[in-house]
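Architecture at a glance
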Amino acid sequence: MSSILVIEGHGLTMKALASAACAPETQFELSSDAKKEMLKSRNYIEKRIVAGEVMYGVNTGFGAFSSVRISDSEIELLQKNLIRSHSSGVGTPFTKTQSRAMMILRANALARGHSGCRPLVVEKILEFLNHDLIPVIPSQGSVGASGDLAPLSHLALALIGEGEIWGPDDQPISVEKVLKEKNLQPLQLQAKEGLSLINGCQVMTAVGLLTLQEAQDLLLLADLAGSISLEGLTGSRSAFDPLISATRPHIGEAMTASNLRKILSSTSQIAESHKGCDRVQDAYSLRCMPAVHGAAKDTFRYVLKVLETEANASTDNPLVFADDNKILSCGNFHGEPVAFALDFLGIALASTASISECRIAKLINPAMSNLPAFLTPNGGLNSGHMIVQVAAASLVSENKILAHPASVDSIPTSAEKEDHVSMGTIAARKAHKILQNAQNVIAMELLSATQAVDLLRPLQSSSTIEAIHQHIRKSIPFAKEDRVFAKDIENMKKLMLDGSLKKILLAHAGDLQC
């Protein structure tokens, strides 16, 4: 049975958005309260049109053409021309899931009732969602102010029956043909409605929230990978003592130290085997996990707050305040809050991957691990995890380039009218790529760390790590000799993304925090 998501203009969370966007069978409804608010602002705009008032985006041109008055007879053509001309995106399209999230966010923003469009506009978006008619939206072409103009125009182009949607075989097809087959009508735009559909930051916010949802799981798995590496490197648990994090009360640091203690909590024969050894301190990549992983968790929560605020915001221009008898030109479409946050997320995920690679480097180095070189029992004939670490290093270095903030850049557009822009959608796309690279690095660490634990047999680790190890070994056996490790990395990533590692982790370690 499909679930129903009611669009109200408020209360939309990362979890709810990701759940709905990832489930094409989800059905959508516009709440009655939201419909009332939309009707109020629409009626207010129509009264002012009838009174002959000049209002930006309603009966004027756009951007640098804002001083050009449009006759009442051409208002609807104005809106259609806006969508057509602004559909200038290029590049690989966003995924269906990402595009679905954009539609949900745009509907939620319009449902707040400050855009002045008819409820029919939101209902048409929801109708497309309910029939799984998802626009093909190019990923490049937005500078993040005035919002995501180009990609949202491709979304709107499908709504008016002139764009492309994803077909059953995941190939672009004409929306006009599909609408006729399904006996559905395209949206007929009225005053301001074209502008209302494309003025906002829903593209960058959608990509950001979906990335953030995956990042939350990754940050927990980074704690798991670090814990297994600690065991493989016969490291000390003492750096995770709660007394330490109490002296530096960053929330993420305390969370991470607690997570690590829970994962490592039960008696470990590996830990017992090196009690009283002459090693004074572990490397930073082990000892500083609470500080580094914790800072990433603090970043996650900050970005979540920003993006969930944006998901429930009015980002149109102008905004309609019917109760206050005002239509106000503004800059709520500027993506800087989201751009800053997503650049920060990219930096945090890049650092998470970086410290993970440091641990892989320690695992394969016999001078640091006291294990066979490159984690292979018969070195020389076999190269072991030599290039696993090289591949991880490559991804970490790529992330260093990607983590350069997009938001520090700006370039004037629209004949200097829109002279400062956010580059927020570039920040979103970068953050998602950094996430994918980080997922692969953590998968590589899990591969190397579990190999290291096997090389310490017959010693056993904590009960949580042993349960995880057992699950991994069902599909990825111990490497006695060389094989194609790319397949192992891919299989490990599948275990990460299908939720099975997280499920076992939480079942054995208890309530871990992020």
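Attention here is on the structure that accompanies the text. (Residues numbered from 1 in each chain as written. Predicted model: local features only at pLDDT ≥ 70, side-chain atom pairs only at ≥ 80, totals over all residues. Heavy atoms only, no water.)

Quick word on the overall build of the protein chain
Defined as follows: Each helix is a run of DSSP H or I of at least 4 residues and each strand a run of E of at least 2, with the numbering of both proceeding from the N terminus. Only C-alpha atoms enter the radius of gyration; for comparison, a globular chain is expected to reach 2.2 Å times N to the power 0.38, where N is the number of residues. Residue contacts follow a heavy-atom distance rule, with two residues in contact if any of their heavy atoms lie within 4.5 Å. Working convention for charge: Lys and Arg count positive, Asp and Glu count negative, and His plus the chain ends are omitted. Taken as the charge location is NZ of Lys, CZ of Arg, CG of Asp or CD of Glu.
The helix and strand tally for the protein chain stands at 21 helices and 8 strands. A compact globule built from 514 residues should have a C-alpha radius of gyration of about 24 Å, and the protein chain, at 26 Å, falls within 12% of that. Projecting the C-alpha coordinates of the protein chain onto the three principal axes gives extents of approximately 85 × 50 × 45 Å. Long-range contacts, defined here as pairs at least 24 residues apart, represent 79% of the contacts in the protein chain between residues at least 6 apart. Averaging the positions of the 48 positive and the 53 negative side-chain charges in the protein chain gives two centres separated by 3 Å.

Quick look at the pattern of salt bridges
When the charged atoms of two side chains lie near each other, side chains of opposite charge can form a pair. The cut-off we apply is this: Any Lys or Arg side-chain nitrogen located within 4 Å of an Asp or Glu carboxyl oxygen qualifies as a salt bridge. Accessible area is worked out with a 1.4 Å probe on protein chains only. A residue is then buried under 20% of its type maximum, exposed over 50%, and partly exposed in between.
Taken as a whole, this structure holds 25 salt bridges when the rule is applied. Of the charged contacts in the structure, one is a salt bridge between Arg84 and Glu162, with a shortest N-O distance of 2.8 Å. Within this pair, whereas Arg84 is found in helix α3 (residues 75-86), its partner Glu162 is found in the loop between α6 (149-159) and β5 (164-166), the two being separated by 78 residues in sequence. By relative accessible area, which is 37% here, Arg84 ends up partly exposed. Under the relative-accessibility criterion, Glu162 is labelled partly exposed at 34%. Glu193 is paired through a salt bridge with Arg118; the nearest N and O atoms lie 2.6 Å apart. In this pair, Glu193 is assigned in helix α8 (residues 193-198) and Arg118 in the loop between α4 (96-110) and α5 (119-130), connecting sequence segments 75 residues apart. Of the two residues, Glu193 and Arg118, both sit in the buried class.

Observations regarding the packing of helix α1 (residues 14-21) against α4
To keep it simple, the criterion reads: In this analysis an axis means a line fitted to C-alpha atoms, helices contributing only their contacting stretch, and an angle means the value between N-to-C directions, from 0 to 180 degrees. These descriptions rest on fixed angle ranges, namely under 35 degrees for roughly parallel, over 145 for roughly antiparallel, 65 to 115 for roughly perpendicular, and the rest for oblique. Crossings are classed by handedness, with left-handed meaning an anticlockwise turn of the near helix from the far one by less than a right angle and right-handed meaning a clockwise turn. By the convention adopted, Pro, Cys, Tyr, Trp, Phe, Met, Ile, Leu, Val and Ala count as nonpolar, Lys, Arg, Asp and Glu as charged, and the other residues, Gly among them, as polar.
Following both chains from N to C, one finds α1 and α4 inclined at 125°, their axes separated by 9 Å at the closest point. Relative to α4, the element α1 lies oblique. Considering the relative orientation of α1 and α4, their crossing is right-handed. Of α4, the residues touching α1 (which contributes Leu17, Ala20 and Ala21) are Thr97, Arg100, Ala101, Ile104 and Leu105. A class-by-class count of the residues in the contact of α1 with α4 yields 6 nonpolar, 1 polar and 1 charged.

Examining the nonpolar core
The following threshold applies: Joining through side-chain atoms within 4.5 Å is the link that ties buried Ala, Val, Leu, Ile, Met, Phe, Trp, Tyr and Cys residues into a set, and such a set is a nonpolar core.
Membership of the largest hydrophobic core comes to 148 residues, with the highest contact counts inside it found for Ile7, Ile104, Leu197 and Leu446. The element best represented in this core is helix α9 (residues 202-232), accounting for 17 residues. By size, the runner-up hydrophobic cluster in this structure holds 9 residues, among which are Met55, Val58, Ile75 and Ala191.

A look at helix α11 (residues 251-263)
Helical geometry: 3.6 residues make up each α-helical turn, so side chains three or four residues apart lie on a common side. Here is the rule: What a helix should span is 1.5 Å times the count of its residues minus one.
Counted at 1.5 Å a residue, the expected span for α11 with its 13 residues is 18 Å, and the 18 Å between its end C-alpha atoms agrees. Taken together, the buried positions of α11 are occupied by Gly252, Glu253, Met255, Thr256, Ala257, Ser258, Asn259, Leu260 and Ile263. On the buried face of α11, the contacting elements are α9, α10 (242-246), α14 (289-311), α19 (463-473) and α21 (500-509).

Quick word on the side chain of Glu193
How we decide: For the purposes of these results, a polar contact is taken to be a pair of N or O atoms within 3.5 Å, where, inside protein, one atom must be able to donate a hydrogen and its partner to accept one; residues adjacent in sequence count only when each atom of the pair is a side-chain atom.
For Glu193, a relative accessible area of 0% translates into the label buried. Here the side chain of Glu193 touches Gln190 through a polar contact of 2.9 Å, landing on its backbone nitrogen. Look past the residues within four positions of Glu193 in its chain and what remains in contact with it is Arg42, Gln79, Cys117, Arg118, Val121 and Gln188.

A look at the packing of aromatic side chains
Stated formally: Any pair of Phe, Tyr and Trp rings, taking the six-membered ring for Trp, is counted once the centres come within 6.5 Å. Such a pair is stacked with planes under 30 degrees apart, edge-to-face with planes over 60 apart, and tilted for the rest.
Applying the stated criterion to the full structure yields 1 aromatic pair. Arranged with centres 6.0 Å apart and planes meeting at 55°, the rings of Tyr302 and Phe344 form a pair that is tilted. Of this pair, Tyr302 sits in helix α14 while Phe344 sits in helix α15 (residues 336-364), placing them 42 residues apart in sequence. Residue Tyr302 is classed as partly exposed on the basis of its relative accessible area of 39%. For Phe344, a relative accessible area of 37% corresponds to the partly exposed category.

Brief notes about the pairing of strand β2 (residues 27-30)
The criterion, for reference: Any two strands are treated as partners once DSSP identifies two or more bridges connecting them. If the strands point away from the viewer and the path from the first strand over the helix to the second runs clockwise, then the crossover is right-handed.
With burial as the criterion, only one face of β2 is covered, namely that bearing Phe28 and Leu30; the residues Gln27 and Glu29 on the opposite face remain uncovered. Strand direction decides the pairing type here: strand β1 (residues 4-7) and β2, joined by 4 bridges, are parallel. Its bridge partner being in β2, Ile7 is matched across the sheet by Leu30. Running through α1, the crossover from β1 to the neighbouring parallel element β2 is right-handed.

Describing the packing of helix α2 (residues 32-50) against α5
α5 packs onto α2 with a crossing angle of 135° between their chain directions and a minimal axis gap of 9 Å. Considering the angle they form, α2 stands oblique to α5. Here Lys35, Met38 and Leu39 of α2 come into contact with α5, specifically with Pro119, Val122 and Glu123. Per-class residue counts for the contact of α2 with α5 are 4 nonpolar, no polar and 2 charged.

Comments concerning the state of the cysteines
Linking two cysteines covalently via their sulfur atoms produces the bond known as a disulfide. Keep this limit in mind: Two cysteine sulfurs form what is called a disulfide whenever their separation falls within 2.5 Å.
Tallying each qualifying case throughout the model produces 0 disulfides. Sulfur of Cys117: no disulfide; nearest cysteine sulfur belongs to Cys330 and is 14 Å away. A disulfide-free cysteine, Cys358 has its sulfur positioned 11 Å from the sulfur of Cys288, the nearest such atom. Judged by relative accessible area, which is 29%, Cys358 ranks as partly exposed.

Focus on unusual backbone geometry
The phi angle of most residues is negative, glycine excepted, and most peptide bonds adopt the trans form. With an omega dihedral of 5°, the bond running from Ala145 to Ser146 counts as a cis peptide bond. Relative to the elements of secondary structure, Ser146 occurs in the loop between β4 (138-140) and α6. Omega for the peptide link from Asn317 to Pro318 comes to 0°, which places this bond in the cis form. Residue position: Pro318 is located in the loop between α14 and β7 (319-321). One non-glycine residue, Lys192, lies in the positive phi region at around 75°. As for its placement among the helices and strands, Lys192 is situated in the loop between α7 (175-181) and α8. Residues other than glycine seldom take positive phi values, yet Thr234 does so here, at roughly 45°.

The values reported here are purely geometric and, on their own, carry no functional implication.
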